[in-house]
Amino acid sequence: MDAALMQLMARFKLKLLRTLAVKVDTYRFIAERAYAMDVLAIADQSEDEDLIILAMQVSDYLGFLEPPATAATGKAPATQSPATPRNSPAPADAKRYTFGARG
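Residues numbered from 1 in each chain as written. Predicted model: local features only at pLDDT ≥ 70, side-chain atom pairs only at ≥ 80, totals over all residues. Heavy atoms only, no water.

## Here's the deal with helix 4 (residues 49-62)
Here helix 4 is 14 residues long and its end C-alpha atoms lie 20 Å apart, about the 20 Å a rise of 1.5 Å per residue gives. Taken together, the buried positions of helix 4 are occupied by Leu51, Leu54, Ala55, Val58 and Ser59. Axial view of helix 4: buried residues confined to an arc of 135 degrees, hence all on one face. Turned more than 90 degrees from where helix 4 packs its buried face, Glu49 and Asp60 sit exposed. Buried positions along helix 4 lie against helix 1 (3-20), helix 2 (26-31) and helix 3 (33-44). By the N-cap criterion, in which a side-chain oxygen at the helix start approaches the backbone nitrogen of a residue two or three places on, helix 4 is capped by Asp48, the distance to Asp50 being 2.9 Å. Gly63, located one to two residues past helix 4, shows a positive phi value of around 85 degrees. (Helix = DSSP H or I, 4+ residues; strand = E, 2+ residues; numbered from the N terminus. Expected span 1.5 Å × (residues − 1). Buried < 20%, exposed > 50% of the residue type's maximum accessible area, 1.4 Å probe, protein only. Arc of directions from axis to C-beta. Contact = heavy atoms within 4.5 Å. Polar contact = N/O pair within 3.5 Å; in protein donor to acceptor, adjacent residues only side chain to side chain.)

Rendered as structure tokens:
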């Protein structure tokens, strides 16, 4: 467990305890996805905006959240092609300045 996750979990755990009086077993939360989803569902039903944001951050950090397109269709979202191809010829002005000031 890295430092960012530990800090996020500590903030989430304390906020959940102070807001809803729910104690969280941190090690079990990290090890068992079903327990984590139950705790996150409890936090999601809260009226406290900060607790909901922390729950979403923890979910995202642990990889429980999926991108919307992937969750809806089961496929990865299509990438958009750039407006100009990468192998397009350079503009005429760019060709003039080949050597620079000392050329």
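Having seen the structure, we can now continue with the description.
## Things to note about helix 3
Taking 1.5 Å of rise per residue, the 12 residues of helix 3 would be expected to cover 16 Å, and the 16 Å separating its terminal C-alpha atoms lies within 8% of that figure. Taken residue by residue, helix 3 has Tyr35, Ala36, Val39, Leu40 and Ala43 as its buried positions. The buried residues of helix 3 occupy one face: seen down the axis, they fall within an arc of 130 degrees. In helix 3, the exposed residues that point more than 90 degrees away from the buried face are Ala34 and Asp38. Packed against the buried residues of helix 3 are helix 1, helix 2 and helix 4.

No statement about biological role is implied by the geometric values presented.
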